[in-house]
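Here is what each chain is made of, one letter per residue.
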Amino acid sequence: MTDIEVLIQQLLTGLSNGMIIALIALGYTMVFGIIELINFAHGDLFMLGCFAALTALGVSGMVDVEPGGIASIITIAALFIIVPTFCATINWCVDRYAYRPLRNSPKLAPLVSALGVSFIFINIGLFWGGLPLEVFGYGSAAAAPKNFPALLPFDNLLGDSAIFVTWRELLVVLVTIPILAALLYFVKCTATGKALRATAQNPTAARLMGIHVDSVIGITFIIGGALAGVASVVYALTYNTVFFQMGFRVGVDAFTAAVLGGIGNLAGACLGGLLIGLVRALSDQYIATQWTNSVVFGILIVVLIFRPSGLLGSRTREKV
Amino acid sequence: MNPLSKLKSFAPSDLQKIFIILMLPVFIEMIFPSLGACDRFKPILVFAVLGFGLNVVTGYCGLLNLGVAAFMAIGAYTFGILTVSIYPFQIGAWPALLVSCCAGAAAGVALGLPTLRLRGDYLAIVTLGFGEIVQDILRNLEVITKGSQGINPLPRLVVFPNERGLDSPIVSYLVILCIVMFVAWTMRNLERSAVGRAWTAVRDDELAAGCMGVPVVRTKLKAFAFGAALCSLAGALWASGLGSTGEPGNFDFALSILALCIVIVGGLGSVAGVLVGAIIMVGFNSIVLVELSERLGAAGFSGTQNVFASPANWKYFVLGAALIITMRLRPNGLLPSKPSEGGVL
């Protein structure tokens, strides 16, 4: 491979990873936009989604289907319905029982509660991995990474070219872009979307205008959870590994992306996700894999210090 | 004046009661030396110091710091580098303890200086990032930190050496207890000093405090530096007790959350609360869980057959539930700093 081909390959990898990060970043940014809460548990919700996908495969017995065949396509389509529903339900419950009672408390109280939810999710993930299911590998330890069956073929779509593009990268693009378009349509063009934007701007005024603020916040959590569910199916199909602590790392990447793009801004979250994906891929290639996390955190800190409103965000004044 | 009221002042305060409880392991050790009570209870004291450090930042000053594990690591590694024979310094354990505190304070200032102007939840994320970066540095700069091996063997803090050059368990427990009492005493006085009042003023209303002439950023920086120094002290105590800095993965996010649980469950901004929080959370984490694991292991259960049967697997669950339940039911913790109307946070 020539240098330029290596670069192109890394850029492709970065973009496809970036789209997954963007899907999760949207969940952070929507929740923050509407109730100013950093939902720490979001990354771990994504992890639970991956486990749900793996369990669904194991229970339905669709583990050994031929990659790329009709059966595998149906299985993948089913996963894209089951897992987002699962994640959306959980996210709604978390809001209802852990965050809503604290809505009028000081700002750090729901944040601490979110940290607590995140830890409970990690523990659920650990227990889940220890269930006696064949897909989890009966004897292997609960904490060990689980293999996700390869449902997508590995063939290079570009034939004999040195640059490798498989169905995996294509799936990410095919799934993410329509979903983002649908989300933008929902937020900009529907009545519920309008209510959502109004609540984000000023909850009290929105309530006075007859908007049921609690259900609007509930809808935000449902959408955020569903996006995390989509991201977990895409991630599991792309990386073929599921692991109870993966939520923390992915969550931090996604949060960094949301801040980088300007938290509360949907387009910003997508842009930030793509940038973080690219930075990770390039840093893996040209710096060193073991420093990549530090590079991402370094970027996060620098962005927060010099441009806390992010690339696309508008500067808002702190209310007294 | 009612004569009874004079008698009442002899009743021990919360803090005194807690120190009486913390003396119990010494008596248990005297009566049943085979239980090793002092060694088992020592983590409570070390983590109480860590809790005091976080309490200064989060309890008094209202800044959420999610990177205390990093400061603890800085203390532990400074202590290691200053005392171990492979490095040229080799100063004694006690001076190294002091230098570790200073190193922690310096790191606190270095992190705080650029970031303290950020709003609360962003600061939380930056400190979380700092914690991860420090862990990565410790893991990857193997020339200095020995990577995953950790630096060892570290010297113990010795006051009355016996024939093997070590303190008896009782003495070494009492030494750390004295350090904890000294820190608690400092905290009590600091609370009522000008700095302490400035911290609470900034916590309650930053804008109002600024208007009244409190230098907001400098006040926050002092809290950050002081808190970091205490966390580093905890790190150095921990490392010298263990005889090794351990592997960098010990100073992970879960450790920072444990410190947060200690402070929040006990009661933010309350000295006695931190000690109660440490007794409950660390007592559960490093005594009850470990003990249960040993008993169950001896009885023939083990975690590989049934994931629920291994008590260690419940750790995250307990930490998380402690945070959520405290926030829902007692946002001021078990021993609130003072009866106030809203949550302290």
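In what follows, the accompanying structure is described. Every chain is numbered independently, its residues counted from 1 as its sequence is written. Each chain is given a letter, starting from A, and each ligand a number, starting from 1, according to the order in which they appear as written. Totals for whole chains, interfaces and linings use every residue, but because this is a predicted model, local features are given only for residues with pLDDT of at least 70 and side-chain atom pairs only at 80 or more, for both listing and counting.

1. Notes on the overall build of chain B
Okay, so step 1: By definition, any uninterrupted DSSP run of H or I lasting at least four residues is a helix, any uninterrupted run of E lasting at least two residues is a strand, and each is numbered from the N terminus. Across its full length, chain B holds 14 helices and 0 strands.
Okay, so step 2: The secondary structure elements of chain B, listed N-terminal to C-terminal, are α-α-α-α-α-α-α-α-α-α-α-α-α-α.
Okay, so step 3: Note on method: radius of gyration uses C-alpha positions; expected globular size equals 2.2 Å times residues raised to 0.38. Rg of the C-alpha trace for chain B: 21 Å, near the compact-globule value of 20 Å for 345 residues, within the 12% margin.
Okay, so step 4: Relative to its 345 residues, chain B shows a buried fraction of 48%. Between the buried cut of 20 or more and the exposed cut of 12 or fewer other C-beta atoms within 10 Å of a residue's own C-beta lies the partly exposed class, and all C-beta atoms are placed from the backbone.

2. Topic: the interface of chain B and chain A
Okay, so step 1: Residue-level contacts link 38 residues of chain B with 39 residues of chain A.
Okay, so step 2: Broken down by element, the residue count for the side of chain B that touches chain A peaks at 11 residues, all from helix 6 (residues 120-140) of chain B.
Okay, so step 3: In terms of residue class, the side of chain B that touches chain A is built from 24 nonpolar, 9 polar and 5 charged. By the criterion used throughout, residues are in contact when their C-beta atoms, derived from the backbone, lie within 7 Å. Amino acid classes used here: Ala, Val, Leu, Ile, Met, Phe, Trp, Tyr, Cys and Pro are nonpolar; Asp, Glu, Lys and Arg are charged; the rest, including Gly, are polar.

3. A closer look at helix 4 (residues 108-129) of chain A
Okay, so step 1: One fewer than the residue count of a helix, multiplied by 1.5 Å, yields its expected span. Compared with the 32 Å implied by 1.5 Å per residue over 22 residues, the 32 Å span of helix 4 of chain A between its first and last C-alpha is a close match.
Okay, so step 2: Of all the 22 residues making up helix 4 of chain A, 20 are buried; the element is thus mostly covered by neighbouring parts of the structure.

4. Some words on the environment of Leu133 of chain A
Residues and elements named next belong to chain A.
Okay, so step 1: Mapped onto the elements, Leu133 comes out in the loop between helix 4 and strand 1 (146-147).
Okay, so step 2: Judged by the 16 C-beta atoms lying within 10 Å of it, Leu133 is partly exposed.
Okay, so step 3: Sequence separation between Leu133 and Lys107 is 26 residues, and the spatial gap between their C-alpha atoms is 42 Å.
Okay, so step 4: When sequence neighbours within four positions are dropped, the list of residues in contact with Leu133 reads Thr55 and Gly58.

5. Details of the packing of helix 1 (residues 3-35) of chain A against helix 5 (residues 167-189) of chain A
Residues and elements named next belong to chain A.
Okay, so step 1: In contact at an axis separation of 10 Å, helix 1 and helix 5 are set at 35 degrees when each is read in the N-to-C sense. Where helix 1 crosses over helix 5, the two elements pack in a sense that is left-handed. Taken together, the residues of helix 5 that come into contact with helix 1 (itself represented by Leu12, Ser16, Met19, Ile20, Ala22, Leu23 and Leu26) are Glu169, Val172, Val173, Thr176 and Leu183.
Okay, so step 2: Partitioning the contact of helix 1 with helix 5 into residue classes produces 9 nonpolar, 2 polar and 1 charged. Every angle, taken between N-to-C directions, lies between 0 and 180 degrees, and every axis is a line fitted to C-alpha atoms, over only the stretch in contact when it is a helix. Helix crossings get a hand from a simple test, with the near helix turned counterclockwise from the far one by less than a right angle marking a left-handed crossing and a clockwise turn marking a right-handed one.

6. Here's the deal with the environment of Val217 of chain B
All names here are of chain B.
Okay, so step 1: Tracing the chain through its elements places Val217 in helix 11 (residues 216-242).
Okay, so step 2: C-beta crowding within 10 Å serves as the criterion here: with 13 such atoms nearby, Val217 is assigned to the partly exposed category.
Okay, so step 3: For the pair Val217 and Thr115, spaced 102 residues apart in sequence, the C-alpha separation works out to 9.9 Å.
Okay, so step 4: When sequence neighbours within four positions are dropped, the list of residues in contact with Val217 reads Leu116 and Arg117.

7. Topic: helix 2 (residues 14-31) of chain B
Okay, so step 1: Along its 18 residues, helix 2 of chain B runs 26 Å from first to last C-alpha, staying within 8% of the 26 Å computed at 1.5 Å per residue.
Okay, so step 2: Inspection of helix 2 of chain B places Leu15, Ile18, Leu22, Pro25 and Glu29 of chain B among the buried residues, and these make up the whole buried set.

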